[in-house]
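# Working through the structure, step by step
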Amino acid sequence: MRPPTPRTLRSRRPRRPRGLHGKVATAATAVLLTLAMAAPAASRTEERTRSYEVTGPRTAAQRTAVAATGASVDAVRRGSVVITADAAQAERVRRMGYTVRALPGPPDRSDGRRAEPFDFPPADANYHNYSEAMAEINADIARYPSLMSKQVIGKSYEGRDIIAVKVTGTGTGTGAKPADGTAAAKPEVLFTHHQHAREHLTVEMALYLLKEFGSKYGSDARVTKMLDSRVVWVVPDLNPDGGEYDIATGSYRSWRKNRQPNNGSSARGTDLNRNWDYKWGCCGGSSGSTGSETYRGSAPESAPEVKVVADFVRSRVVNGKQQIKAAIDFHTYSELVLWPFGWTYNDTAPGMTQDDRDAFATVGKSMAASNGYTPEQSSDLYITDGSIDDWLWGNQKIFAYTFEMYPDSSGAGGGFYPPDEVIDRETARNRDAVLQLLENADCMYRAIGKEAQYCR
Ligand code: CXA
Ligand code: CA
Ligand code: ZN
(Lines give C-alpha, C1' and ligand atoms only; values in the text may rest on other atoms or scores of the structure.)
(Ligands and ions follow the chains in the order given, each with its own letter.)
Protein backbone atom coordinates (compact mmCIF):
# COMPACT_ATOMS: atom_id res chain seq x y z
CA MET A 1 0.00 0.00 0.00
CA ARG A 2 1.41 3.39 -0.95
CA PRO A 3 1.51 6.03 1.75
CA PRO A 4 -0.83 8.87 0.78
CA THR A 5 0.95 11.66 -1.07
CA PRO A 6 0.68 14.97 0.82
CA ARG A 7 -1.81 16.94 -1.22
CA THR A 8 -0.35 20.28 -0.29
CA LEU A 9 2.81 19.43 -2.20
CA ARG A 10 0.86 18.38 -5.22
CA SER A 11 -1.45 21.36 -5.28
CA ARG A 12 1.50 23.77 -4.99
CA ARG A 13 2.87 22.62 -8.32
CA PRO A 14 1.83 25.27 -10.84
CA ARG A 15 -0.23 23.91 -13.69
CA ARG A 16 -1.58 25.38 -16.85
CA PRO A 17 -5.03 24.41 -18.08
CA ARG A 18 -4.52 21.91 -20.83
CA GLY A 19 -7.99 21.77 -22.29
CA LEU A 20 -10.84 19.44 -21.52
CA HIS A 21 -11.23 16.47 -23.81
CA GLY A 22 -9.26 18.00 -26.59
CA LYS A 23 -11.39 21.11 -26.56
CA VAL A 24 -9.72 24.43 -25.89
CA ALA A 25 -10.07 25.47 -22.29
CA THR A 26 -12.29 28.51 -22.07
CA ALA A 27 -11.49 31.56 -20.02
CA ALA A 28 -14.09 30.44 -17.51
CA THR A 29 -12.40 27.08 -17.20
CA ALA A 30 -9.10 28.80 -16.62
CA VAL A 31 -10.62 30.92 -13.87
CA LEU A 32 -12.13 27.88 -12.21
CA LEU A 33 -8.87 26.01 -12.50
CA THR A 34 -7.05 28.87 -10.89
CA LEU A 35 -9.58 28.87 -8.07
CA ALA A 36 -9.19 25.17 -7.50
CA MET A 37 -5.45 24.89 -7.87
CA ALA A 38 -4.51 27.96 -5.87
CA ALA A 39 -5.27 28.14 -2.15
CA PRO A 40 -2.73 25.72 -0.73
CA ALA A 41 -3.27 27.37 2.65
CA ALA A 42 -6.89 26.31 2.68
CA SER A 43 -5.91 22.84 1.54
CA ARG A 44 -3.62 22.43 4.52
CA THR A 45 -6.44 22.91 6.98
CA GLU A 46 -9.32 21.22 5.23
CA GLU A 47 -8.01 18.09 3.60
CA ARG A 48 -6.79 16.10 6.53
CA THR A 49 -9.77 13.83 6.66
CA ARG A 50 -9.46 10.17 5.84
CA SER A 51 -11.56 7.10 6.29
CA TYR A 52 -11.40 4.82 9.30
CA GLU A 53 -12.98 1.58 10.33
CA VAL A 54 -14.44 1.87 13.81
CA THR A 55 -15.08 -1.43 15.56
CA GLY A 56 -17.52 -1.52 18.47
CA PRO A 57 -20.62 0.55 17.74
CA ARG A 58 -23.58 -1.72 17.09
CA THR A 59 -26.69 0.31 17.90
CA ALA A 60 -28.13 3.37 16.19
CA ALA A 61 -27.57 5.37 19.39
CA GLN A 62 -23.89 4.36 19.45
CA ARG A 63 -23.51 5.28 15.78
CA THR A 64 -25.22 8.63 16.41
CA ALA A 65 -22.66 9.27 19.17
CA VAL A 66 -19.83 8.49 16.76
CA ALA A 67 -21.36 10.89 14.21
CA ALA A 68 -21.65 13.54 16.93
CA THR A 69 -17.85 13.90 16.84
CA GLY A 70 -18.38 15.59 13.47
CA ALA A 71 -17.32 12.60 11.38
CA SER A 72 -19.54 11.32 8.59
CA VAL A 73 -20.72 7.76 8.95
CA ASP A 74 -20.27 6.29 5.49
CA ALA A 75 -21.12 2.65 6.02
CA VAL A 76 -22.80 0.66 8.76
CA ARG A 77 -21.96 -2.96 9.44
CA ARG A 78 -22.89 -5.26 12.30
CA GLY A 79 -20.66 -4.06 15.11
CA SER A 80 -18.61 -1.56 13.11
CA VAL A 81 -18.84 1.54 10.94
CA VAL A 82 -16.71 3.25 8.32
CA ILE A 83 -16.30 6.98 8.93
CA THR A 84 -14.63 9.96 7.29
CA ALA A 85 -12.94 12.01 10.00
CA ASP A 86 -10.03 14.30 10.74
CA ALA A 87 -7.43 13.28 13.33
CA ALA A 88 -9.17 15.05 16.21
CA GLN A 89 -12.51 13.43 15.43
CA ALA A 90 -10.86 10.02 15.13
CA GLU A 91 -9.23 10.57 18.52
CA ARG A 92 -12.60 11.42 20.09
CA VAL A 93 -14.00 8.18 18.71
CA ARG A 94 -11.02 6.29 20.13
CA ARG A 95 -11.66 7.83 23.54
CA MET A 96 -15.20 6.47 23.41
CA GLY A 97 -13.50 3.10 23.76
CA TYR A 98 -13.75 1.94 20.17
CA THR A 99 -11.00 0.49 18.00
CA VAL A 100 -10.17 2.94 15.21
CA ARG A 101 -8.15 1.76 12.23
CA ALA A 102 -7.12 4.02 9.37
CA LEU A 103 -8.18 2.74 5.97
CA PRO A 104 -6.35 3.25 2.68
CA GLY A 105 -7.19 6.46 0.82
CA PRO A 106 -9.20 6.66 -2.39
CA PRO A 107 -7.91 4.39 -5.16
CA ASP A 108 -5.32 5.56 -7.64
CA ARG A 109 -7.00 5.20 -11.02
CA SER A 110 -4.41 7.15 -12.97
CA ASP A 111 -3.03 4.12 -14.84
CA GLY A 112 0.28 5.92 -14.46
CA ARG A 113 -1.03 8.72 -16.66
CA ARG A 114 -1.85 12.19 -15.53
CA ALA A 115 -5.55 13.09 -15.62
CA GLU A 116 -6.74 16.25 -17.27
CA PRO A 117 -7.62 18.87 -14.67
CA PHE A 118 -11.30 18.59 -13.67
CA ASP A 119 -11.63 15.20 -15.26
CA PHE A 120 -11.94 11.70 -13.89
CA PRO A 121 -8.73 9.69 -13.94
CA PRO A 122 -8.21 7.69 -17.16
CA ALA A 123 -9.34 4.37 -15.69
CA ASP A 124 -12.65 5.98 -14.66
CA ALA A 125 -13.17 7.84 -17.92
CA ASN A 126 -16.75 6.58 -18.27
CA TYR A 127 -17.82 8.75 -15.36
CA HIS A 128 -19.09 12.18 -16.40
CA ASN A 129 -17.68 15.35 -14.96
CA TYR A 130 -19.99 18.37 -14.79
CA SER A 131 -19.55 19.60 -18.35
CA GLU A 132 -19.72 16.09 -19.77
CA ALA A 133 -22.93 15.41 -17.87
CA MET A 134 -24.47 18.67 -19.09
CA ALA A 135 -23.44 17.84 -22.68
CA GLU A 136 -24.99 14.38 -22.40
CA ILE A 137 -28.22 15.83 -21.07
CA ASN A 138 -28.36 18.49 -23.78
CA ALA A 139 -27.91 15.75 -26.37
CA ASP A 140 -30.77 13.72 -24.85
CA ILE A 141 -33.02 16.77 -24.95
CA ALA A 142 -32.05 17.51 -28.55
CA ARG A 143 -32.87 13.91 -29.45
CA TYR A 144 -36.21 13.75 -27.62
CA PRO A 145 -37.45 17.36 -27.73
CA SER A 146 -41.15 16.53 -27.38
CA LEU A 147 -40.43 14.40 -24.31
CA MET A 148 -37.80 16.40 -22.39
CA SER A 149 -36.96 19.97 -21.61
CA LYS A 150 -34.45 21.69 -19.37
CA GLN A 151 -34.80 24.51 -16.89
CA VAL A 152 -31.96 26.30 -15.16
CA ILE A 153 -33.42 26.55 -11.66
CA GLY A 154 -30.50 28.47 -10.16
CA LYS A 155 -26.79 28.53 -9.59
CA SER A 156 -24.32 26.86 -7.24
CA TYR A 157 -22.06 28.88 -4.95
CA GLU A 158 -19.35 29.02 -7.64
CA GLY A 159 -21.88 29.90 -10.31
CA ARG A 160 -22.54 26.63 -12.08
CA ASP A 161 -26.05 26.03 -13.41
CA ILE A 162 -28.28 23.78 -11.35
CA ILE A 163 -30.78 22.30 -13.77
CA ALA A 164 -34.04 20.38 -13.66
CA VAL A 165 -35.00 18.20 -16.63
CA LYS A 166 -38.73 17.79 -17.12
CA VAL A 167 -39.78 14.51 -18.72
CA THR A 168 -43.37 13.81 -19.68
CA GLY A 169 -45.09 12.08 -22.56
CA THR A 170 -47.51 13.59 -25.04
CA GLY A 171 -50.33 11.42 -23.69
CA THR A 172 -52.87 13.08 -21.43
CA GLY A 173 -52.54 10.67 -18.57
CA THR A 174 -54.87 8.13 -17.09
CA GLY A 175 -56.02 9.91 -13.96
CA ALA A 176 -59.69 10.73 -13.35
CA LYS A 177 -60.65 14.04 -14.91
CA PRO A 178 -62.01 16.74 -12.62
CA ALA A 179 -65.76 17.35 -13.00
CA ASP A 180 -65.20 20.82 -14.44
CA GLY A 181 -63.78 19.30 -17.61
CA THR A 182 -60.23 20.61 -17.17
CA ALA A 183 -57.40 18.17 -17.79
CA ALA A 184 -56.37 16.21 -14.72
CA ALA A 185 -52.99 17.27 -13.44
CA LYS A 186 -50.40 14.55 -13.80
CA PRO A 187 -48.80 13.52 -10.51
CA GLU A 188 -45.18 14.65 -10.45
CA VAL A 189 -42.16 12.70 -9.25
CA LEU A 190 -38.76 14.15 -8.36
CA PHE A 191 -35.35 12.51 -8.65
CA THR A 192 -32.43 14.35 -7.07
CA HIS A 193 -28.77 13.43 -7.34
CA HIS A 194 -25.33 14.26 -6.02
CA GLN A 195 -25.89 16.18 -2.80
CA HIS A 196 -22.59 14.72 -1.65
CA ALA A 197 -19.62 15.54 -3.85
CA ARG A 198 -17.85 12.19 -3.78
CA GLU A 199 -20.99 10.21 -4.65
CA HIS A 200 -20.39 10.42 -8.40
CA LEU A 201 -22.32 7.26 -9.27
CA THR A 202 -25.53 9.20 -8.54
CA VAL A 203 -24.94 11.53 -11.50
CA GLU A 204 -24.61 8.44 -13.68
CA MET A 205 -27.97 7.33 -12.26
CA ALA A 206 -29.54 10.57 -13.52
CA LEU A 207 -27.98 10.12 -16.96
CA TYR A 208 -29.24 6.53 -17.02
CA LEU A 209 -32.80 7.61 -16.20
CA LEU A 210 -32.90 10.23 -18.94
CA LYS A 211 -31.47 7.85 -21.51
CA GLU A 212 -33.84 5.08 -20.46
CA PHE A 213 -36.90 7.33 -20.54
CA GLY A 214 -35.91 8.80 -23.89
CA SER A 215 -35.05 5.55 -25.62
CA LYS A 216 -37.95 3.48 -24.25
CA TYR A 217 -40.82 5.95 -24.53
CA GLY A 218 -43.14 4.71 -27.25
CA SER A 219 -41.67 1.20 -27.34
CA ASP A 220 -41.72 -0.06 -23.73
CA ALA A 221 -45.32 -0.16 -22.48
CA ARG A 222 -44.46 0.37 -18.82
CA VAL A 223 -42.24 3.39 -19.47
CA THR A 224 -44.71 4.85 -21.98
CA LYS A 225 -47.65 4.53 -19.61
CA MET A 226 -45.75 6.17 -16.77
CA LEU A 227 -44.41 9.06 -18.81
CA ASP A 228 -47.85 9.69 -20.28
CA SER A 229 -49.43 9.83 -16.84
CA ARG A 230 -46.68 11.48 -14.76
CA VAL A 231 -44.39 14.47 -14.88
CA VAL A 232 -40.85 13.44 -13.98
CA TRP A 233 -38.30 15.98 -12.74
CA VAL A 234 -34.65 14.99 -12.73
CA VAL A 235 -32.24 17.29 -10.90
CA PRO A 236 -29.02 15.55 -11.90
CA ASP A 237 -26.48 17.53 -9.91
CA LEU A 238 -27.19 19.40 -6.66
CA ASN A 239 -23.53 19.85 -5.82
CA PRO A 240 -21.58 20.58 -9.00
CA ASP A 241 -18.91 22.61 -7.18
CA GLY A 242 -18.13 19.83 -4.73
CA GLY A 243 -18.13 17.24 -7.48
CA GLU A 244 -15.67 19.17 -9.60
CA TYR A 245 -13.49 19.88 -6.58
CA ASP A 246 -13.42 16.19 -5.72
CA ILE A 247 -11.88 15.28 -9.07
CA ALA A 248 -9.98 18.49 -9.84
CA THR A 249 -6.46 17.22 -9.24
CA GLY A 250 -6.75 13.81 -10.84
CA SER A 251 -6.74 12.04 -7.49
CA TYR A 252 -9.97 11.78 -5.59
CA ARG A 253 -10.29 13.97 -2.52
CA SER A 254 -13.18 12.21 -0.74
CA TRP A 255 -14.97 15.57 -0.54
CA ARG A 256 -18.55 15.54 0.76
CA LYS A 257 -19.82 19.11 1.23
CA ASN A 258 -20.37 22.05 -1.09
CA ARG A 259 -17.59 24.63 -1.59
CA GLN A 260 -19.08 27.62 0.16
CA PRO A 261 -16.68 29.49 2.46
CA ASN A 262 -17.60 29.78 6.13
CA ASN A 263 -17.35 33.05 8.05
CA GLY A 264 -14.39 33.17 10.41
CA SER A 265 -13.12 29.76 9.40
CA SER A 266 -10.69 28.43 6.84
CA ALA A 267 -12.81 25.29 6.51
CA ARG A 268 -15.11 25.31 3.53
CA GLY A 269 -18.39 23.69 2.88
CA THR A 270 -21.83 22.84 4.21
CA ASP A 271 -23.24 19.32 4.22
CA LEU A 272 -26.20 19.90 1.91
CA ASN A 273 -28.05 16.95 3.43
CA ARG A 274 -28.06 18.66 6.83
CA ASN A 275 -29.11 22.12 5.56
CA TRP A 276 -32.83 21.61 4.73
CA ASP A 277 -35.43 23.63 6.58
CA TYR A 278 -37.18 21.01 8.70
CA LYS A 279 -36.07 20.49 12.28
CA TRP A 280 -32.72 21.93 11.20
CA GLY A 281 -30.08 21.17 13.81
CA CYS A 282 -32.73 19.87 16.19
CA CYS A 283 -31.49 16.56 17.38
CA GLY A 284 -27.79 15.86 17.36
CA GLY A 285 -27.89 14.67 13.76
CA SER A 286 -25.59 17.35 12.34
CA SER A 287 -22.73 19.56 13.46
CA GLY A 288 -22.39 23.27 14.20
CA SER A 289 -18.62 23.18 13.56
CA THR A 290 -17.53 24.45 10.17
CA GLY A 291 -14.79 21.82 9.92
CA SER A 292 -17.18 18.93 10.38
CA GLU A 293 -18.15 16.61 7.55
CA THR A 294 -21.76 17.15 8.61
CA TYR A 295 -21.67 20.93 9.15
CA ARG A 296 -25.28 22.06 8.91
CA GLY A 297 -24.56 25.59 7.67
CA SER A 298 -25.24 28.92 9.36
CA ALA A 299 -29.01 28.69 8.85
CA PRO A 300 -31.52 26.45 7.07
CA GLU A 301 -31.08 26.82 3.29
CA SER A 302 -27.88 28.84 3.81
CA ALA A 303 -26.34 26.71 1.06
CA PRO A 304 -27.37 28.25 -2.27
CA GLU A 305 -27.76 24.79 -3.80
CA VAL A 306 -30.32 23.78 -1.15
CA LYS A 307 -32.18 27.09 -1.51
CA VAL A 308 -32.36 26.65 -5.30
CA VAL A 309 -33.83 23.16 -5.10
CA ALA A 310 -36.15 23.99 -2.18
CA ASP A 311 -37.45 27.01 -4.13
CA PHE A 312 -37.98 24.77 -7.13
CA VAL A 313 -39.96 22.26 -5.05
CA ARG A 314 -42.05 25.09 -3.56
CA SER A 315 -42.71 26.37 -7.09
CA ARG A 316 -44.52 23.10 -7.81
CA VAL A 317 -47.30 24.09 -5.41
CA VAL A 318 -50.17 24.96 -7.77
CA ASN A 319 -53.48 26.25 -6.41
CA GLY A 320 -52.29 25.39 -2.93
CA LYS A 321 -51.43 21.80 -3.86
CA GLN A 322 -47.96 20.32 -4.09
CA GLN A 323 -47.83 18.56 -7.47
CA ILE A 324 -44.81 16.43 -6.58
CA LYS A 325 -46.06 13.31 -4.82
CA ALA A 326 -42.98 11.14 -4.48
CA ALA A 327 -39.21 11.45 -4.71
CA ILE A 328 -35.92 9.62 -4.54
CA ASP A 329 -32.70 11.32 -3.50
CA PHE A 330 -29.76 9.25 -4.75
CA HIS A 331 -26.62 8.73 -2.64
CA THR A 332 -23.87 6.16 -2.27
CA TYR A 333 -23.04 3.83 -0.73
CA SER A 334 -24.42 0.81 1.25
CA GLU A 335 -27.30 -0.45 -0.93
CA LEU A 336 -30.15 0.87 1.15
CA VAL A 337 -33.68 2.14 0.61
CA LEU A 338 -34.29 4.68 3.38
CA TRP A 339 -37.37 6.58 4.44
CA PRO A 340 -38.01 9.37 6.99
CA PHE A 341 -37.87 10.47 9.64
CA GLY A 342 -34.18 10.80 10.27
CA TRP A 343 -34.51 13.16 13.25
CA THR A 344 -36.18 10.62 15.53
CA TYR A 345 -35.79 6.92 16.22
CA ASN A 346 -39.57 6.62 16.47
CA ASP A 347 -41.53 5.14 13.57
CA THR A 348 -44.33 7.66 14.01
CA ALA A 349 -44.12 11.27 15.15
CA PRO A 350 -45.97 14.54 14.65
CA GLY A 351 -46.26 14.65 10.85
CA MET A 352 -45.88 10.88 10.40
CA THR A 353 -48.95 8.77 11.12
CA GLN A 354 -48.95 5.00 11.28
CA ASP A 355 -50.59 4.89 7.84
CA ASP A 356 -47.94 7.27 6.43
CA ARG A 357 -45.21 5.10 7.89
CA ASP A 358 -46.83 1.92 6.60
CA ALA A 359 -47.17 3.34 3.07
CA PHE A 360 -43.50 4.42 3.17
CA ALA A 361 -42.39 1.01 4.43
CA THR A 362 -44.58 -1.05 2.09
CA VAL A 363 -43.46 0.74 -1.08
CA GLY A 364 -39.91 0.97 0.25
CA LYS A 365 -39.69 -2.77 0.91
CA SER A 366 -41.18 -3.55 -2.48
CA MET A 367 -38.62 -1.32 -4.24
CA ALA A 368 -35.86 -2.93 -2.19
CA ALA A 369 -37.04 -6.39 -3.20
CA SER A 370 -36.44 -5.41 -6.81
CA ASN A 371 -32.89 -4.05 -6.44
CA GLY A 372 -31.65 -6.17 -3.56
CA TYR A 373 -31.06 -3.20 -1.26
CA THR A 374 -31.93 -3.22 2.45
CA PRO A 375 -35.08 -1.25 3.37
CA GLU A 376 -35.24 0.70 6.65
CA GLN A 377 -36.08 3.99 8.30
CA SER A 378 -33.04 6.22 7.98
CA SER A 379 -32.63 6.68 11.75
CA ASP A 380 -32.05 2.93 12.02
CA LEU A 381 -28.57 3.93 10.80
CA TYR A 382 -28.05 7.03 12.95
CA ILE A 383 -29.88 10.28 13.67
CA THR A 384 -29.78 13.00 11.00
CA ASP A 385 -31.43 16.39 11.04
CA GLY A 386 -31.95 18.77 8.15
CA SER A 387 -31.98 16.00 5.53
CA ILE A 388 -33.84 16.44 2.26
CA ASP A 389 -36.19 13.53 2.99
CA ASP A 390 -37.31 14.94 6.30
CA TRP A 391 -37.99 18.29 4.61
CA LEU A 392 -39.74 16.85 1.56
CA TRP A 393 -42.04 14.80 3.77
CA GLY A 394 -42.28 16.95 6.91
CA ASN A 395 -42.72 20.24 5.07
CA GLN A 396 -44.12 19.32 1.64
CA LYS A 397 -45.81 15.93 2.25
CA ILE A 398 -43.86 14.34 -0.58
CA PHE A 399 -43.14 10.62 -0.13
CA ALA A 400 -39.37 10.95 -0.25
CA TYR A 401 -36.86 8.10 -0.15
CA THR A 402 -33.08 8.02 -0.09
CA PHE A 403 -31.39 5.32 -2.15
CA GLU A 404 -27.86 4.51 -1.11
CA MET A 405 -26.44 2.89 -4.24
CA TYR A 406 -23.62 0.41 -4.85
CA PRO A 407 -21.46 -0.89 -3.28
CA ASP A 408 -22.77 -2.56 -0.13
CA SER A 409 -20.88 -1.97 3.10
CA SER A 410 -18.67 -5.04 2.89
CA GLY A 411 -15.58 -3.06 1.92
CA ALA A 412 -15.23 -4.82 -1.41
CA GLY A 413 -16.77 -2.59 -4.06
CA GLY A 414 -14.60 0.52 -3.86
CA GLY A 415 -16.63 2.59 -1.39
CA PHE A 416 -17.39 6.00 -2.86
CA TYR A 417 -15.22 5.21 -5.90
CA PRO A 418 -16.39 2.04 -7.61
CA PRO A 419 -14.69 1.49 -10.97
CA ASP A 420 -16.54 2.76 -14.02
CA GLU A 421 -17.10 -0.81 -15.21
CA VAL A 422 -20.01 -1.08 -12.74
CA ILE A 423 -21.90 2.01 -13.91
CA ASP A 424 -24.23 0.31 -16.40
CA ARG A 425 -25.11 -2.59 -14.12
CA GLU A 426 -25.58 -0.51 -10.97
CA THR A 427 -27.74 2.17 -12.57
CA ALA A 428 -29.96 -0.29 -14.49
CA ARG A 429 -30.34 -2.16 -11.20
CA ASN A 430 -32.69 0.62 -10.04
CA ARG A 431 -34.90 0.64 -13.14
CA ASP A 432 -37.67 -1.44 -11.62
CA ALA A 433 -37.63 0.44 -8.32
CA VAL A 434 -37.93 3.78 -10.12
CA LEU A 435 -40.85 2.49 -12.20
CA GLN A 436 -42.50 1.18 -9.03
CA LEU A 437 -42.29 4.58 -7.42
CA LEU A 438 -43.78 6.20 -10.54
CA GLU A 439 -46.61 3.64 -10.52
CA ASN A 440 -47.37 4.25 -6.85
CA ALA A 441 -46.98 8.02 -6.97
CA ASP A 442 -50.61 8.86 -7.72
CA CYS A 443 -51.69 7.22 -4.46
CA MET A 444 -49.04 5.87 -2.14
CA TYR A 445 -51.72 4.64 0.26
CA ARG A 446 -52.98 2.15 -2.34
CA ALA A 447 -50.00 0.01 -1.30
CA ILE A 448 -51.61 -0.44 2.14
CA GLY A 449 -55.12 -0.94 0.79
CA LYS A 450 -56.31 2.54 1.83
CA GLU A 451 -56.84 4.24 -1.51
CA ALA A 452 -60.50 4.94 -0.79
CA GLN A 453 -59.65 6.62 2.51
CA TYR A 454 -56.82 8.85 1.26
CA CYS A 455 -57.01 9.29 -2.50
CA ARG A 456 -60.54 10.16 -3.49
C1 CXA B 1 -29.03 9.45 5.09
C2 CXA B 1 -29.76 9.99 4.06
C3 CXA B 1 -30.99 10.60 4.30
C4 CXA B 1 -31.49 10.65 5.58
C5 CXA B 1 -30.75 10.11 6.61
C6 CXA B 1 -29.52 9.50 6.37
C7 CXA B 1 -27.71 8.80 4.85
C8 CXA B 1 -26.67 9.63 4.15
C9 CXA B 1 -26.36 10.86 5.01
O10 CXA B 1 -25.79 10.71 6.09
O11 CXA B 1 -26.70 11.96 4.57
N12 CXA B 1 -25.49 8.80 4.06
S13 CXA B 1 -24.25 9.27 3.10
N14 CXA B 1 -24.70 9.25 1.59
O15 CXA B 1 -23.18 8.28 3.23
O16 CXA B 1 -23.87 10.58 3.50
CA1 CA C 1 -12.36 1.59 -15.95
ZN1 ZN D 1 -24.67 10.96 0.48
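These notes cover the structure that comes with them. (Residues numbered from 1 in each chain as written. Chains lettered and ligands numbered in written order. Predicted model: local features only at pLDDT ≥ 70, side-chain atom pairs only at ≥ 80, totals over all residues. Heavy atoms only, no water.)

## Focus: the pattern of salt bridges
Taken as a whole, this structure holds 33 salt bridges when the rule is applied. A salt bridge links Lys211 to Asp140; the nearest nitrogen and oxygen atoms lie 3.2 Å apart. Within this pair, whereas Lys211 is found in helix H7 (residues 201-216), its partner Asp140 is found in helix H6 (residues 130-143), the two being separated by 71 residues in sequence. Across the pair Glu212 and Arg431 runs a salt bridge whose closest N-O atoms are separated by 2.3 Å. (Salt bridge = Lys/Arg side-chain N within 4 Å of Asp/Glu carboxyl O. Helix = DSSP H or I, 4+ residues; strand = E, 2+ residues; numbered from the N terminus.)

## Concerning the sheet that holds strand E12 (residues 336-339)
Spatial strand order, E5-E6-E8-E7-E11-E14-E12-E13: eight strands in an open sheet with mixed pairing. Each end of this open sheet is capped by a strand with a single partner; those strands are strand E5 (148-155) and strand E13 (374-377). Along the sheet, successive strands turn relative to each other by an average axial angle of 20°, direction set aside. Taken together, the seven bridges between E5 and strand E6 (residues 161-167) define a ladder with antiparallel strand orientation. Its bridge partner lying in E6, Ser149 is registered against Lys166. Contacting E5, E6, strand E7 (188-193), strand E8 (231-235) and strand E11 (324-332), helix H10 (residues 304-315) crosses the sheet at an angle of about 130° to E5. (Pairing = 2+ DSSP bridges. Axes fitted to C-alpha atoms, helices over the stretch in contact; angles between N-to-C directions. Contact = heavy atoms within 4.5 Å.)

## Re the coordination of the calcium ion (ligand 2)
Coordination of the calcium ion (ligand 2) by the protein involves Ala123 (O), Asp420 (OD), Glu421 (OE) and Glu421 (OE), with metal-donor separations of 2.2 to 2.9 Å. Spacing between the donor residues of the calcium ion (ligand 2) along their common chain follows A-x296-D-E. Taken as a pair, Ala123 in the loop between strand E4 (99-102) and H6 and Glu421 in the loop between strand E14 (399-405) and helix H13 (423-428) lie far apart in primary sequence, 298 residues in all. (Donors = N, O, S within 2.8 Å, 3.2 Å for Na, K, Ca; no water.)

## Here's the deal with the packing of aromatic side chains
Across all of its chains, the model carries 18 aromatic pairs by this definition. Ring centres 5.2 Å apart and planes at 70° place the aromatic pair Tyr245 and Trp255 in the edge-to-face group. Pair noted here: Tyr245 is in helix H9 (residues 240-247) and Trp255 is in the loop between H9 and H10, with a separation of 10 residues, a long-range link. Just as Tyr245 is buried, Trp255 falls in that class too. Taken together, a centroid distance of 4.0 Å and an interplanar angle of 15° make the contact between Tyr445 and Tyr454 stacked. On the basis of relative accessibility, which here comes to 11%, the residue Tyr445 falls in the buried class. Among the aromatic residues, ring-to-ring pairing joins Phe360, Trp393, Phe399, Tyr401, Tyr445 and Tyr454 into one connected group. Here the guanidinium or amino end of Lys279 rests over the ring plane of Trp343, the centre of that ring lying 4.3 Å away. We note Lys397 situated over the ring of Trp393; from NZ or CZ to the ring centre the distance is 4.7 Å. (Phe/Tyr/Trp six-rings, centres within 6.5 Å; stacked < 30°, edge-to-face > 60°. Buried < 20%, exposed > 50% of the residue type's maximum accessible area, 1.4 Å probe, protein only. Lys NZ or Arg CZ within 6 Å of the ring centre and 35° of its normal.)

Fair warning: the whole summary comes from geometry, so function is off the table for now.
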